[in-house]
Amino acid sequence: MVNDLRERLLLWKEWKPPKLIERDIRLPETNDIIAIIGPRRSGKTYLMFQIIKNLINSGVPKENILYVNFDDIVFRKYDLNKIFEIYFELFNPKGEIYLFFDEVQELKDYPIWLRNLHDRGYKIFITGSSSKLMIKEISKELRGRYISKILLPFSFKEFLKLKEFKFEDTSEKRGKIKNLLLEYLKFGGFPEVLLIENNIDKIEKLNSIYETTFYRDLVERYKIREINIAKELLEYLISNISSFISVSKVYNIFKSVNINTSKRTLWKYYNYILESLILFESKICTYSKRKEIISPRKIYVNDLGIANLFRDQEIGHLMENLVYLELFRKGIEPNYLKIDGNEIDFIYKENNSIKLIEVTYKVDEEHISKVKKALEFLKIREGTIITWDEENEIIYNNRKITIIPLWRWLLNN
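Please read these numbers as outputs of a predicted model, since none were measured by experiment. (Residues numbered from 1 in each chain as written. Predicted model: local features only at pLDDT ≥ 70, side-chain atom pairs only at ≥ 80, totals over all residues. Heavy atoms only, no water.)

Undergrad: Can you help me understand the pairing of strand β11 (residues 353-359) in this one?
TA: Residues in a regular strand point their side chains to alternate faces of the sheet. Here strand β10 (residues 342-350) pairs with β11 via 5 bridges, running antiparallel. Note that in β11 the partner of F346 across the bridge is I357. Taking the residues between adjacent antiparallel strands as the criterion, β10 and β11 are bridged by 2 residues, where N351 takes a positive phi near 55°. In this sheet, strand β12 (residues 382-387) lies alongside β11 in parallel orientation, the contact comprising 3 bridges. Bridging from a neighbouring strand, I357 pairs with T384 of β12. Crossover handedness for the path β11 to helix α17 (residues 365-378) to β12: right-handed. (Pairing = 2+ DSSP bridges. Helix = DSSP H or I, 4+ residues; strand = E, 2+ residues; numbered from the N terminus. Right-handed = clockwise from strand over helix to strand, strands pointing away.)

Here is the structure:
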């Protein structure tokens, strides 16, 4: 009855660490459960393997480590009691045990299991593809016994590491890094895509990731009935990254092309999309909660390769999306600012200081003027304009605007 389960665990017994690109993410030393949350195919499994490899290198016996991938239908057939029974039979671990549960949301009643295992003293690492809902579910059962870290697809720095590119400030290297940045803006950072040489095959893999994410992390997880509506909404949002979006506007557009749905359904599906970490939103910077609620949101996609699936995006929009993702990786969820009808892309707080970033392919007097107004409005002395390849400093009235190329800003962060 359990031969298939036994075979899976015997495969783990023979596991050897694959070749890994070290991810730029620091996990805390803690006795709490560590939850690695991120989009499907973003590299969560390989990050687990990286942690497991480091544990083995530090002297933890392989027998004291159990990895279970609940995306595997075999593991989903059994409860954890049966999995543990076979694990102890095959491995006979002694001492502290480390548990690694991949795509844990596929395990029925997983918050209860995690609480029980944590109470029994196991060191637990979990991954999940559904972020905000998963966090709500865990926190309800575990009451602060876990720490979550979000893992996105490869950053530009990690992409350069994969390419084995080392930057030196020469004209040749500056040209090369901009060429690599164009490639990254086109195909993004999903690890599986980066390992493919042919561009057509890259696009096919991106389509596969998108379809799997849509059906597994949206349709199946949230039991979506109006699949076509959800698909139309997601494709519309992805096609309009770095732009202002409101559900009312989407509803009117759908109505004009005879896509029949309700605002309530669109709101529900929109929130599912955010919870699945496919898209992120930036809200207006304001003290008024009412204004925040009624103001449009700006939308950013989790990977630039996905952003280009439905149409070729403007490079300025891709640049802005990339800056958002880089800030998000640092734990920052920026807002946008509106002053006298002018918009500043990103406002956020870091180290108790207000930071301001405007993103544009090519800087002009209009951008400089609105950044000056924003600095005065916010009563801060420094702001940043990120461009494609312009570099300068504007100093005036004891204030400074730094103009910096995107590639250099990415390297410095």
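Undergrad: Is there a simple way to explain the sheet that holds β11 in this structure?
TA: Within a beta sheet, neighbouring strands are joined by backbone hydrogen bonds and run either parallel or antiparallel to one another. Strand order across the open sheet formed by 6 strands is β9-β10-β11-β12-β14-β13, with mixed pairing between neighbours. Looking at the sheet topology across the chains shown, the edges are occupied by β9 (335-339) and β13 (392-396). Pairwise comparison of adjacent strand axes, ignoring direction, gives a mean angle of 30° for this sheet. When β13 meets strand β14 (residues 399-405), the two strands line up antiparallel, connected through 5 bridges. Directly across from I395, in β14, lies its bridge partner K400. Sheet strands in contact with helix α16 (residues 315-329) are β10, β11 and β12, and its direction is about 15° off that of β10. Sheet strands in contact with α17 are β9, β10, β11, β12, β13 and β14, and its direction is about 165° off that of β11. (Axes fitted to C-alpha atoms, helices over the stretch in contact; angles between N-to-C directions. Contact = heavy atoms within 4.5 Å.)

Undergrad: Help me understand the pattern of salt bridges in this model?
TA: When the charged atoms of two side chains lie near each other, side chains of opposite charge can form a pair. Scanning the model with the defined rule gives 33 salt bridges in all. Between E85 and K82 there is a salt bridge, with its nearest N and O atoms 3.3 Å apart. Here the residue E85 and the residue K82 both occupy positions in helix α4 (residues 80-91), the gap between them amounting to 3 residues, near one helical turn. By relative accessible area, which is 27% here, K82 ends up partly exposed. Note that K370 and E358 form a salt bridge whose closest N and O atoms lie 2.9 Å from each other. Here the residue K370 occupies a position in helix α17, and E358 occupies one in strand β11, the gap between them amounting to 12 residues. Here K370 matches E358 in class, with each residue buried. Within the structure, one salt-bridge network assembled from shared partners comprises R40, D71, E106, R216, D217 and E220. (Salt bridge = Lys/Arg side-chain N within 4 Å of Asp/Glu carboxyl O. Buried < 20%, exposed > 50% of the residue type's maximum accessible area, 1.4 Å probe, protein only.)

Undergrad: Whenever I open this one, the layout of surface pockets confuses me. Can you help?
TA: Take a probe with the size of a water molecule and roll it over the atoms, and the empty space left behind shows itself. In this structure, the largest pocket encloses a volume near 740 Å³. In terms of lining, the largest pocket is formed by 26 residues, of which the most central are G43, T45, Y46, P191 and E192. Broken down by element, the lining of the largest pocket gets its largest block of residues, 5 residues, from helix α2 (residues 44-57). For the lining of the largest pocket, the residue count by class is 8 nonpolar, 6 polar and 12 charged. Space inside the second largest pocket adds up to approximately 630 Å³. Residue lining of the second largest pocket: 21 residues in total, with D24, I25, I150, R329 and K330 positioned closest to the centre. For the lining of the second largest pocket, the elements supplying multiple residues, two or more each, are β5 (146-150), α7 (156-162) and α16. By residue class, the composition of the lining of the second largest pocket is 7 nonpolar, 4 polar and 10 charged. (1 Å grid on protein atoms, 1.4 Å probe; cavity = no way out; pocket = protein on both sides within 12 Å on 5 of 7 lines; lining within 4 Å. Points joined across faces, edges and corners; volume = space filled by probe spheres on them. Nonpolar A, V, L, I, M, F, W, Y, C, P; charged D, E, K, R; others polar.)

Undergrad: What exactly am I supposed to notice about the nonpolar core here?
TA: Generally speaking, a soluble globular protein has its nonpolar side chains buried in company with each other. In this structure, F100, F101 and L279 are the most contacted members of the largest nonpolar core, which totals 124 residues. Of all the elements, α16 adds the most residues to this core, at 8 residues. The next biggest cluster of nonpolar side chains, apart from the first, holds 17 residues, and it includes I339, V371, I394 and I403. (Core = buried A, V, L, I, M, F, W, Y, C linked by side-chain atoms within 4.5 Å.)

Undergrad: What should I look at first to understand the sheet that holds strand β6 (residues 244-245) in this one?
TA: Strand order in the open sheet made by the 3 strands is β6-β8-β7, with antiparallel pairing throughout. Of all strands in the sheet, those bounded by a partner on one side alone are β6 and β7 (279-282). Sheet strands touched by helix α11 (residues 227-238): β6, β7 and β8 (297-301). Its angle to β7, the strand with the most contacts, is close to 60°.

Undergrad: Just to check I follow, could you spell out the environment of L90 for this structure?
TA: You can see L90 is positioned in helix α4. In this structure, L90 is in contact with R6, L9, L10 and K13, ignoring residues within four places of it in sequence.

Undergrad: How should empty space enclosed by the protein be read in this particular structure?
TA: Enumeration according to the criterion identifies 2 cavities of 30 Å³ or more in this entry. Empty space within the largest cavity amounts to approximately 70 Å³. For the largest cavity, the full set of lining residues is P39, R40, F190, I209, Y210, T213, L234, I278, N302 and I306. Looking at the lining of the largest cavity, the element that brings in the most residues is helix α10 (residues 199-222), giving 3 residues. Counted by class, the lining of the largest cavity contains 7 nonpolar, 2 polar and 1 charged residues. Of the volumes computed, that of the second largest cavity is approximately 30 Å³. Lining the second largest cavity, in full, are L233, L237, I245, S246, V247, V250 and Y270. Counting residues per element, the ones that place at least two in the lining of the second largest cavity are α11 and α12 (247-256). Among the residues making up the lining of the second largest cavity, the classes are represented as 6 nonpolar, 1 polar and no charged.

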